[in-house]
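Chains, contacts and geometry: an overview
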Amino acid sequence: MIIPKNDVRLLCDKRQFSIVMNNLVLNGIQAINGAGTIEVALAVNKDVIVIQIKDSGKGISKENIDKIFEPLFTTKQHGTGLGLASVKSIIELHGGIISVTSPPSIFTITLPKIVD
Ligand SMILES: Nc1ncnc2c1ncn2[C@@H]1O[C@H](COP(=O)(O)OP(=O)(O)OP(=O)(O)O)[C@@H](O)[C@H]1O
Ligand SMILES: [Mg+2]
């Protein structure tokens with residue numbers, strides 16, 4: 001797990017935001033299946049905060065990539081398919097957006113820069 005050296009301040013619902021990070025990191029852990037890396041990166045510019053979670057797993061197929069944020073979509077035997085649907089709704093409730101590119105799988109969260 002590679003975590004950023006820098007820090008950013010973010011005004012958010014702490015409990016909901018930990019659901020976001022837990023789901024994305026857990027998906028990364030499941031994707032690398034015991035061997036590989038998960039990398040978190042942070043960037044800030046004038047208006048937005050960008051958080052990226054990248055893993056070295058095998059990636060998401062073209063066929064599935066448009067469906068992964070849909071509730072109940074899962075390719076896992078014991079998955080609920082609710083992880084990314086929750087992540088997306090929490091990010092959108094914070095005025096942000098989430099997108100994905102794969103492979104390598106990179107989830108990018110862009111949030112308006114609101115600091116208290
Ligand atoms: N980092 C990733 N690498 C590869 N595939 C992914 C990754 N993250 C999500 N996916 C794909 O998106 C699907 C939906 O993810 P989501 O987190 O919503 O549900 P889940 O992980 O299957 O189940 P749950 O989160 O409820 O345990 C996964 O089943 C998997 O196919
Ligand atoms: Mg999941």
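These lines cover the structure that appears in this document, whether it is placed above or below. (Residues numbered from 1 in each chain as written. Chains lettered and ligands numbered in written order. Predicted model: local features only at pLDDT ≥ 70, side-chain atom pairs only at ≥ 80, totals over all residues.)

1. Overview of the overall build of the protein chain
Our working rule: Strands are runs of DSSP state E lasting at least 2 residues, helices are runs of H or I lasting at least 4, and numbering of each runs from the N terminus. When we talk radius of gyration, it's over C-alpha atoms, and the globule rule is simply 2.2 Å times the number of residues to the 0.38. Buried means a residue has 20 or more other C-beta atoms within 10 Å of its own C-beta, exposed means 12 or fewer, and partly exposed covers the counts in between; C-beta atoms are placed from the backbone. Contact definition: two residues whose C-beta atoms, as placed from backbone geometry, lie within 7 Å.
In terms of regular secondary structure, the protein chain is built from 3 helices and 4 strands. Taken over the C-alpha trace, the protein chain has a radius of gyration of 14 Å; the compact-globule value for 116 residues is 13 Å, and the two agree within 12%. Considering only C-alpha atoms, the protein chain reaches an extent of 40 × 30 × 25 Å along its principal axes. A total of 116 residues make up the protein chain; the buried ones form 21% of that total. Of the contacts made within the protein chain by residues no fewer than 6 positions apart, 60% connect residues no fewer than 24 positions apart.

2. A few points about the site of ligand 1
Applicable threshold: For each residue, a C-beta atom is positioned from the backbone; the residue is called near a molecule or strand if that atom sits within 6 Å of it. The classification used treats Ala, Val, Leu, Ile, Met, Phe, Trp, Tyr, Cys and Pro as nonpolar, Asp, Glu, Lys and Arg as charged, and all other residues, Gly among them, as polar.
Around ligand 1, a shell composed of 21 residues is seen, among which T74, G79, T80, G83 and L84 lie nearest. Contributions of two or more residues to the shell around ligand 1 are made by helix 1 (14-32) and helix 3 (83-93). If one sorts the elements of the shell around ligand 1 by residue count, helix 1 sits on top with 4 residues. For the shell around ligand 1, the residue count by class is 7 nonpolar, 12 polar and 2 charged.

3. Details of unusual backbone geometry
With an omega dihedral of -15°, the bond running from S102 to P103 counts as a cis peptide bond. By the secondary structure assignment, P103 is in the loop between strand 3 (97-101) and strand 4 (105-112). A positive phi angle is found at L72, which is not glycine, with a value near 75°. In this fold, L72 is placed in the loop between helix 2 (62-65) and helix 3.

4. Concerning the sheet that holds strand 1 (residues 38-44)
Within a beta sheet, neighbouring strands are joined by backbone hydrogen bonds and run either parallel or antiparallel to one another. The criterion, for reference: Between any two strands, at least two bridges found by DSSP are needed for them to pair. Here, axes are lines fitted to C-alpha atoms. For helices the fit covers the stretch in contact, and angles between N-to-C directions go from 0 to 180 degrees.
A sheet is described by the order of its strands in space; here 4 strands give the open sequence 1-2-4-3, paired in antiparallel fashion. Each having just a single partner strand, strand 1 and strand 3 make up the two edges of the open sheet. Neighbouring strand axes in the sheet, compared pairwise and without regard to direction, differ in orientation by 15° on average. The sheet contact formed by strand 3 and strand 4 spans 5 bridges and is antiparallel. When the bridges of strand 4 are listed, S99 appears paired with T108. Running over the sheet, helix 1 touches strand 1, strand 2 (48-55) and strand 4 and is turned about 25° from strand 2.

5. Here we look at helix 1
Here is the rule we go by: A helix's residues, less one, multiplied by 1.5 Å, set its expected span.
Compared with the 27 Å implied by 1.5 Å per residue over 19 residues, the 27 Å span of helix 1 between its first and last C-alpha is a close match. Once helix 1 finishes, N33 follows within two positions and takes phi at roughly 50°, a positive value.

6. Brief notes about the environment of M1
Within the secondary structure, M1 is located in the segment before helix 1. A residue is classified by how many C-beta atoms lie within 10 Å of it, and M1, with 10 of them, is exposed. Taking the C-alpha atoms as reference points, M1 and I106, 105 residues apart in sequence, are found 14 Å from one another.

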